Protein chains: 4
Amino acid sequence: MSATGEAAGTSPVSDIGRMTGFSDGVFAIVITLLVIELRVPEHRPGELFDGLVEEASAYVAFLVSFGYIGVIWLNHHTLLRLIRGTTLGLNWLNLWLLLGVVVIPFPTAVLAAAFAHDGNDHDRRVAVLLYALTAAAMSAPWLAFFSYLHRRPALLGEGVSAAHVAAQRARPITGMLLYLFSGALGWFVSPLLGLIGIVVMILYHALTSEGVRRRWPHRRAVRR
Amino acid sequence: MSATGEAAGTSPVSDIGRMTGFSDGVFAIVITLLVIELRVPEHRPGELFDGLVEEASAYVAFLVSFGYIGVIWLNHHTLLRLIRGTTLGLNWLNLWLLLGVVVIPFPTAVLAAAFAHDGNDHDRRVAVLLYALTAAAMSAPWLAFFSYLHRRPALLGEGVSAAHVAAQRARPITGMLLYLFSGALGWFVSPLLGLIGIVVMILYHALTSEGVRRRWPHRRAVRR
Amino acid sequence: MSATGEAAGTSPVSDIGRMTGFSDGVFAIVITLLVIELRVPEHRPGELFDGLVEEASAYVAFLVSFGYIGVIWLNHHTLLRLIRGTTLGLNWLNLWLLLGVVVIPFPTAVLAAAFAHDGNDHDRRVAVLLYALTAAAMSAPWLAFFSYLHRRPALLGEGVSAAHVAAQRARPITGMLLYLFSGALGWFVSPLLGLIGIVVMILYHALTSEGVRRRWPHRRAVRR
Amino acid sequence: MSATGEAAGTSPVSDIGRMTGFSDGVFAIVITLLVIELRVPEHRPGELFDGLVEEASAYVAFLVSFGYIGVIWLNHHTLLRLIRGTTLGLNWLNLWLLLGVVVIPFPTAVLAAAFAHDGNDHDRRVAVLLYALTAAAMSAPWLAFFSYLHRRPALLGEGVSAAHVAAQRARPITGMLLYLFSGALGWFVSPLLGLIGIVVMILYHALTSEGVRRRWPHRRAVRR
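Thresholds applied
- Residues numbered from 1 in each chain as written.
- Chains lettered and ligands numbered in written order.
- Predicted model: local features only at pLDDT ≥ 70, side-chain atom pairs only at ≥ 80, totals over all residues.
- Heavy atoms only, no water.
- Helix = DSSP H or I, 4+ residues; strand = E, 2+ residues; numbered from the N terminus.
- Buried < 20%, exposed > 50% of the residue type's maximum accessible area, 1.4 Å probe, protein only.
- Contact = heavy atoms within 4.5 Å.
- Areas by Shrake-Rupley, 256 points an atom, 1.4 Å probe, with all protein chains shown as cover.
- Phe/Tyr/Trp six-rings, centres within 6.5 Å; stacked < 30°, edge-to-face > 60°.
- Lys NZ or Arg CZ within 6 Å of the ring centre and 35° of its normal.
- Least-squares fit on C-alpha atoms with pLDDT ≥ 70 in both.
- Salt bridge = Lys/Arg side-chain N within 4 Å of Asp/Glu carboxyl O.
- Polar contact = N/O pair within 3.5 Å; in protein donor to acceptor, adjacent residues only side chain to side chain.
- UniProt positions renumbered as here; feature names shortened; annotations may be inferred.
- Nonpolar A, V, L, I, M, F, W, Y, C, P; charged D, E, K, R; others polar.
- Axes fitted to C-alpha atoms, helices over the stretch in contact; angles between N-to-C directions.
- Parallel < 35°, antiparallel > 145°, perpendicular 65-115°, else oblique.
- Left-handed = near helix turned anticlockwise from the far one by under 90°.
- Patch = residues over 30% accessible without salt bridge, like charges linked within 9 Å, V, L, I, M, F, W, Y side chains within 5 Å.
- pLDDT = per-residue confidence, 0-100.

Enquirer: Got a minute to help me understand the overall build of chain A in this structure?
Expert: On a plain count of helices and strands, chain A comes out with 10 helices and 0 strands. Listing each helix as α and each strand as β along chain A from the N terminus yields α-α-α-α-α-α-α-α-α-α. By residue count, 54% of the 224 residues in chain A fall in the buried class. If you take every contact in chain A between residues at least 6 apart in sequence, the share linking residues at least 24 apart comes to 77%. As displayed, chain A has an accessible area near 9700 Å², and 66% of this comes from carbon and sulfur atoms.

And the structure:
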């Protein structure tokens, strides 16, 4: 592309303001829509308390989903702090990444329905596998984002080293492998074990939301 | 953490732009979703007026909920004006605080259903207790936020004193105690008295949305 | 309030960034939720076309509502360009103003239902009156906003004169009077005439969205 | 309009911050609401897997819609990078443009329903025609936006040439013509061919989201 052609249009690097605003809007809506699933329980007069208790599993699912989307937001917050501008490529990767955020309520609802008190063992295996495959697929755009940045140090913010960005690739790779492992565990061994694996992975993402260090991540790497 | 390690990543203190944008998105969605509960009443031809009048309690509930979330937004607006940057800890506390904002439509709906004309006295006690416990729990992250800030004066905005921040802790503590008292009143004495206690607390938060003074809060502390 | 007390807290005037972001979120959600009312029509195989044609009134209602909320957004855009900062009082007035924005889909839905092909004349009078009263009530916070600004010239943005702000009060006053007149027309004379009055008022707000001049507003006052 | 009158109000050119924030809110909500259509399938115990497989077409529709709205967002991102300020005229054009964004889920749902396994050939022709007409109509405000900018070079951002803006008009014109052609193809020849034409157009908008060059668009014009 000639320098003249370049000057006639817009620069390939643009401010991240819109990417941030759009992403925050998506996160805000997804995390808020979760409450729509909570409804006043059908109950006979005088039995509201029993009605509420029966819905306990829905409240737990709500809290876990809220926490999970909150964790992804924290990770995204850290992610965008790495860069000082965006390109068409990063915009596409961010859209791919948001696809995962928008999708997550669906496998979560399938999981909650399967683990409700009258659930079936085979359905639980299916639900854990679906969730694990979705979560593993969600890790792919994060890996692509870090790899893209690693190849374009000019996009990095002040004080952010290429080595730091390279080290972050360990997070989505760990995510993909362990989500797949959790899915296999849930499918072949026990849906409950698979579910525990998924919860462990959410905690892993919570603890590493500010990024990992070059060497083996130790507790001090987590910001107090 | 070594200075080198520090320089390779990102600073522990970041701009509050995203925290603000994400929070405003959540507030905007919660306050707007309330109107979805208002529906064209089922009615026979020529009886639209009667249909609308019968729904009067739903309109009152809508106005109260709108006012309450508006008040929390005003308090949050004042809260974020205290700080000049955010940290991972503050981001977590803000997520916890938003959890309360997102949850509030649920106990509100339970309350509205219980106080509808055919409600049952025992269910009303349950509904008031649920609301009061939720509201008391919602005060906890505010207390944690003020305490966190009090221990980190470097995060405070220009002209904000640590003493001012310390004094603000009185608000969530008052909230927790009086919401619990309202809940006990509603459960043991009268659901209507408990409800009045809750409304008084919302007014208290409205009047102190710009913060309280060190000494006993007097009217002049409320901004004209 | 002592100067010391003042210095310990935050300034009474704050940046309008959050007020803007929160308001834009509310506008964006209200204008987008309208499409949820549009559904794939129930139809027998091969009769999709007839099904779509039967819903024509719903599409007209959607377009009118979209246009109306768009017009209010344009007016709000002009409104916030008058000021250089916000106060607790303006934040309350803005919340009151947003209440009107959030409410508008409800009387619109009542109106659309009443004017559907099998509507009843008495119900149409009720629906027009409800809409007109709501729209008249929505004008009140705009009047209060302009009056508040007129008494506090220090809040005005650069190049905005107090006389200009004073002149803007004519818009909500006109709105209140003519909406009430349209409501009376619809109730006592003919619902269709009342409806025409309402549409005229929306066009009035569209044409004056950039503000009116001191003297009688003429066409040149509308920005090209 | 006298210079005095001008000074008393606000400048006709304003910052694009609010236009951007409002637009991003609308895009974020539309793209997120798509997931609401995905529901846990009704199924007998042990048949969750079959239930999920049966819904495969809904998942494809979700992915296509997500991609399409993402592509429009990328185009809008490029659009607003052309300008350094907004006017009343541009605000109206942007509202018109957002109307298209908000509407798109409706013809998409009609299309998905018509192409479901028990769809009828005549209904499919209707659905493809509806979609194509909507998409062609959506191109109109983009053409108007570019033409408006072309006539007002003072609004263009730094380094953006009027020739570049003029060249962009080719995109919505191509869109309008080829969408109408796809609609005619779907109506008169084969709904499937019409559908393929629509998908090709979405890919065209994806590939030209950063704008086209003066001369015939070649691959290098697409940003790597």
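After presenting the structure, the write-up continues.
Enquirer: Would you mind going over the packing of aromatic side chains with me for this structure?
Expert: Aromatic ring pairs are described here by two measures, namely the spacing of the ring centres and the angle between the planes. Applying the stated rule across the entire model yields 12 aromatic pairs over all chains. Ring geometry for Phe106 of chain A and Tyr59 of chain D: centres 5.6 Å apart, planes at 55°, overall tilted. Placement of Phe106 of chain A in helix α6 (residues 105-114) and of Tyr59 of chain D in helix α4 (residues 56-80) is noted, with the two residues assigned to different chains. Lying across the ring of Tyr148 of chain A, Arg152 of chain A places its NZ or CZ 3.7 Å from the centre.

Enquirer: Whenever I open this one, the relation of the copies chain B and chain A confuses me. Can you help?
Expert: Both copies of the chain are placed relative to one another by a rotation about an axis and a shift along it. For the match of chain B to chain A, the screw axis carries a shift of 0.0 Å, the RMSD comes to 0.0 Å, and the turn is 90°. Classification of the inter-copy transformation places it as that of a four-fold axis. Among all C-alpha atoms of chain B, that of Gly25 of chain B lies closest to the rotation axis, at 4.1 Å. The share of interface residues of chain B whose copies in chain A are also at the interface is only 5%, consistent with the copies meeting through different surfaces.

Enquirer: Quick question: what am I supposed to make of the relation of the copies chain C and chain B here?
Expert: Superposing chain C onto chain B requires a rotation of 90° together with a translation of 0.0 Å along the rotation axis, leaving an RMSD of 0.0 Å. Taken together, the interface assignments show that only 5% of the residues at the interface of chain C recur at the interface of chain B, consistent with different surfaces on the two copies.

Enquirer: Any chance you could explain the interface of chain B and chain A here in plain terms?
Expert: Interface extent is often summarised as the accessible area lost during association of the parts. The partner chain A presents 47 residues to the 40 residues of chain B that form the contact. The tally of links from chain B across to chain A stands at 1 salt bridge. Summed over the shared surface of chain B and chain A, the result is 6 residue pairs in polar contact (both at pLDDT 80 or more). Listed by contribution, the elements that provide at least two residues to the side of chain B that touches chain A are α1 (3-8), α2 (17-33), α5 (88-103), α6 (105-114) and α7 (121-151) of chain B.

Enquirer: Would you mind going over the UniProt feature "transmembrane region" (unreviewed entry) in chain A with me for this structure?
Expert: All names here are of chain A. UniProt annotation of "transmembrane region" (unreviewed entry) refers to residues 16-36, 56-75, 95-116, 128-149 and 184-207 when read in the numbering used here. Taken end to end, residues 56-75 is 100% helix and 0% strand, and its first and last C-alpha atoms sit 29 Å apart. Secondary structure within residues 184-207 divides into 96% helix and 0% strand; the distance between the first and last C-alpha atoms comes to 24 Å.

Enquirer: Would you take a moment to explain the pattern of salt bridges for this structure?
Expert: Any two side chains of opposite charge can pair, on the condition that their charged atoms come close. According to the stated counting rule, one finds 12 salt bridges over all chains in the structure shown. Among the salt bridges present, the one from Asp24 of chain B reaches Arg18 of chain C, with a minimum N-O distance of 2.6 Å. Here Asp24 of chain B, found in helix α2, pairs with Arg18 of chain C, found in helix α2 (residues 17-33), and the two come from separate chains.

Enquirer: Which parts of the structure should I look at to understand the interface of chain C and chain B?
Expert: On the chain B side, the residues contacting the 40 residues of chain C number 47 residues. Linking chain C to chain B there are 1 salt bridge. Across the contact surface, chain C and chain B share 6 residue pairs in polar contact (both at pLDDT 80 or more). At the level of secondary structure, the elements contributing two or more residues to the side of chain C that touches chain B comprise α1 (3-8), α2, α5 (88-103), α6 (105-114) and α7 (121-151) of chain C. When residues in the side of chain C that touches chain B are grouped by element, the largest group, 9 residues, is from α2 of chain C. Looking at the side of chain C that touches chain B, its residues break down into 26 nonpolar, 10 polar and 4 charged.

Enquirer: Even after reading the chapter, I still don't get the packing of helix α2 (residues 17-33) of chain A against helix α4 (residues 56-80) of chain A, so can you show me in this structure?
Expert: Helix packing geometry: the angle between the two helix axes and the distance between the axes. All names here are of chain A. Orientation of α2 relative to α4, taken along the N-to-C sense of each, is 170°, at an axis distance of 10 Å. As the angle between them shows, α2 and α4 are arranged roughly antiparallel. Packed against α2, whose contacting residues are Met19, Thr20, Ser23, Asp24, Phe27, Val30 and Ile31, the element α4 presents Phe66, Ile69, Gly70, Ile72, Trp73, His76 and Leu80 at the interface. Tallied by class, the residues present in the contact of α2 with α4 amount to 9 nonpolar, 4 polar and 1 charged.

Enquirer: How do you make sense of the packing of helix α5 (residues 88-103) of chain D against helix α7 (residues 121-151) of chain D when you look at a structure like this?
Expert: Residue and element names in this part refer to chain D. Interhelical geometry of α5 versus α7 gives an angle of 160° and a closest axis separation of 9 Å. In terms of orientation, α5 and α7 fall into the roughly antiparallel class. Considering the relative orientation of α5 and α7, their crossing is left-handed. Here α5 contributes Gly89, Leu90, Leu93, Asn94, Trp96, Leu97, Gly100, Val101 and Val103 to the contact with α7, which in turn contributes Thr134, Met138, Ala140, Pro141, Trp142, Ala144, Phe145, Tyr148 and Leu149.

Enquirer: Which parts of the structure should I look at to understand the environment of Ala184 of chain C?
Expert: With respect to the helices and strands, the residue Ala184 of chain C is situated in helix α9 (residues 170-189). Between the alpha carbons of Ala184 of chain C and Ala132 of chain C there is a distance of 8.6 Å; along the sequence they are 52 residues apart.

Enquirer: Even after reading the chapter, I still don't get a nonpolar patch on the surface, so can you show me in this structure?
Expert: Residues and elements named next belong to chain D. Among the surface-exposed residues, Trp187, Phe188, Val189, Leu192, Leu193, Ile196 and Val200 lie close enough to one another that they form a single nonpolar patch of about 690 Å² accessible area. By residue number, the principal contributor to the nonpolar patch is helix α10 (residues 191-207), which donates 4 residues. Relative to the elements of secondary structure, Leu193 occurs in helix α10.

Enquirer: So what exactly am I meant to see when it comes to the confidence of the model for chain A here?
Expert: One rule of thumb: low pLDDT means the predicted coordinates there are not for detailed reading. Considering every residue of chain A, the mean pLDDT works out to 86; 90% of them sit at 70 or more. A low-confidence stretch, residues 215-224 of chain A stays under pLDDT 50, and its non-local contacts, those more than four residues away or across chains, total 14 contacts.

Enquirer: Where do I start with the environment of Asn120 of chain B in this structure?
Expert: All names here are of chain B. Counting through the fold element by element, Asn120 comes out in the loop between α6 and α7. A distance of 2.7 Å separates a polar side-chain atom of Asn120 from the backbone nitrogen of His122. Polar side-chain contacts of Asn120 include one of 3.1 Å to the backbone nitrogen of Asp123.

Enquirer: Which parts of the structure should I look at to understand the side chain of Asn94 of chain A?
Expert: Residues and elements named next belong to chain A. Relative to the elements of secondary structure, Asn94 occurs in helix α5 (residues 88-103). By relative accessible area, which is 2% here, Asn94 ends up buried. In this structure Asn94 touches Met19, Ser23, His76 and Phe145, once residues within four positions along its chain are discounted.

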